[in-house]
Amino acid sequence: MKKVKLKDIADINSGYQFRKRPPEFSSGDIRYIQMRDVNDSNQITLDSAIYVDLDEASVQSKQLLVNDILFKNRGSINNAAIFEIKEVAIASHQFQVIRLNSNIIQPQYLHWYLNHTIAQLYFKSNATGTVTPIIQKKVIEELEVIIPSLNEQEKIINLQLLLEKYTGLMKKQVENYSLLINEAMTNYLNRTEDKEND
């Protein structure tokens, strides 16, 4: 098991910042991923991601690659999402884009580690700013990453996938129970009202 600084295994760069409000298009070739496009499960969703128009040079320098990690370095929630979408896209300046340059660590493991309590406590203790906390690039670079063997990383990734699947199933069950209970209570109230009106 190794412990290395993030800057020694990854390149870290900010997303793209428009000088003005980004022009939105109903269709196009380039997706512009913002903080709102990362859900509570730390997954990127394109349902609300807008299309933008950029010059070729900007696209080439900022285009996201599969397994890039988007880290929210602004605000009170500093989670990370992994880009696994085969579509031309760029990240907004609200993210620091982390791209691994080492084969001793899997991107899915780093994604998990960045969202783990160890990393999150480090970020919170090193945030600056009062109104809007910011994690400076230097702080991200200095994060110490605990790296087990590739085999152990795979086990952790699989456990996380199982947890996400189980959490999703439980959430669905709770939603279904909530609907059933709400329907039962509505029927009960309607029956009570009918009796009072008789």
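Residues numbered from 1 in each chain as written. Predicted model: local features only at pLDDT ≥ 70, side-chain atom pairs only at ≥ 80, totals over all residues. Heavy atoms only, no water.

Peer 1: Could you clarify how one ought to interpret the packing of aromatic side chains in this entry?
Peer 2: Applying the stated criterion to the full structure yields 7 aromatic pairs. Note on Tyr109 and Trp112: the rings are 5.5 Å apart at their centroids and 40° apart in plane angle, and the pair reads as tilted. Highlighted residues: Tyr109 and Trp112, both in helix H2 (residues 107–115), separated by 3 residues, approximately one helical turn. Given a relative accessible area of 3%, Tyr109 falls into the buried group. Taking the relative accessible area as the measure of exposure, Trp112 reaches 23% and is therefore partly exposed. (Phe/Tyr/Trp six-rings, centres within 6.5 Å; stacked < 30°, edge-to-face > 60°. Helix = DSSP H or I, 4+ residues; strand = E, 2+ residues; numbered from the N terminus. Buried < 20%, exposed > 50% of the residue type's maximum accessible area, 1.4 Å probe, protein only.)

Peer 1: Would you explain the packing of H2 against helix H3 (residues 117–125) in this entry?
Peer 2: Helix-helix packing: each pair is described by the crossing angle between the helix axes and the interaxial distance. The N-to-C vectors of H2 and H3 enclose an angle of 55°; their axes lie 4 Å apart at closest approach. It follows from the interaxial angle that H2 and H3 lie oblique. Residues Tyr113, Leu114 and Asn115 of H2 form the contact with H3, whose own contacting residues are Thr117, Ile118, Ala119, Gln120 and Phe123. Its residues placed into classes, the contact of H2 with H3 shows 5 nonpolar, 3 polar and no charged. (Axes fitted to C-alpha atoms, helices over the stretch in contact; angles between N-to-C directions. Parallel < 35°, antiparallel > 145°, perpendicular 65-115°, else oblique. Contact = heavy atoms within 4.5 Å. Nonpolar A, V, L, I, M, F, W, Y, C, P; charged D, E, K, R; others polar.)

Peer 1: Looking at this structure, I do not really get the sheet that holds strand E5 (residues 69–72). What am I missing?
Peer 2: By way of backbone hydrogen bonds, the strands of a sheet pair with one another, either parallel or antiparallel. One open sheet holds the 4 strands; their spatial order is E2-E8-E5-E6, and the pairing between them is antiparallel. Both outer strands of the open sheet, strand E2 (10–14) and strand E6 (80–82), are each paired with one neighbouring strand and no more. Averaged over all neighbouring strand pairs, the angle between strand axes comes to 25°, with direction disregarded. Of the strands in this sheet, E5, E6 and strand E8 (95–100) are in contact with H2, which crosses E6 at around 165°. (Pairing = 2+ DSSP bridges.)

Peer 1: Explain the sheet that holds strand E4 (residues 50–52) to me, please; I cannot follow it from the model alone.
Peer 2: Pairing within the open sheet is mixed, and its 3 strands lie in the order E4-E3-E7. Edge positions in the sheet fall to E4 and strand E7 (89–91), since each has one partner strand and no second. Neighbour-to-neighbour, the strand axes of the sheet open up by a mean angle of 40°, direction not taken into account.

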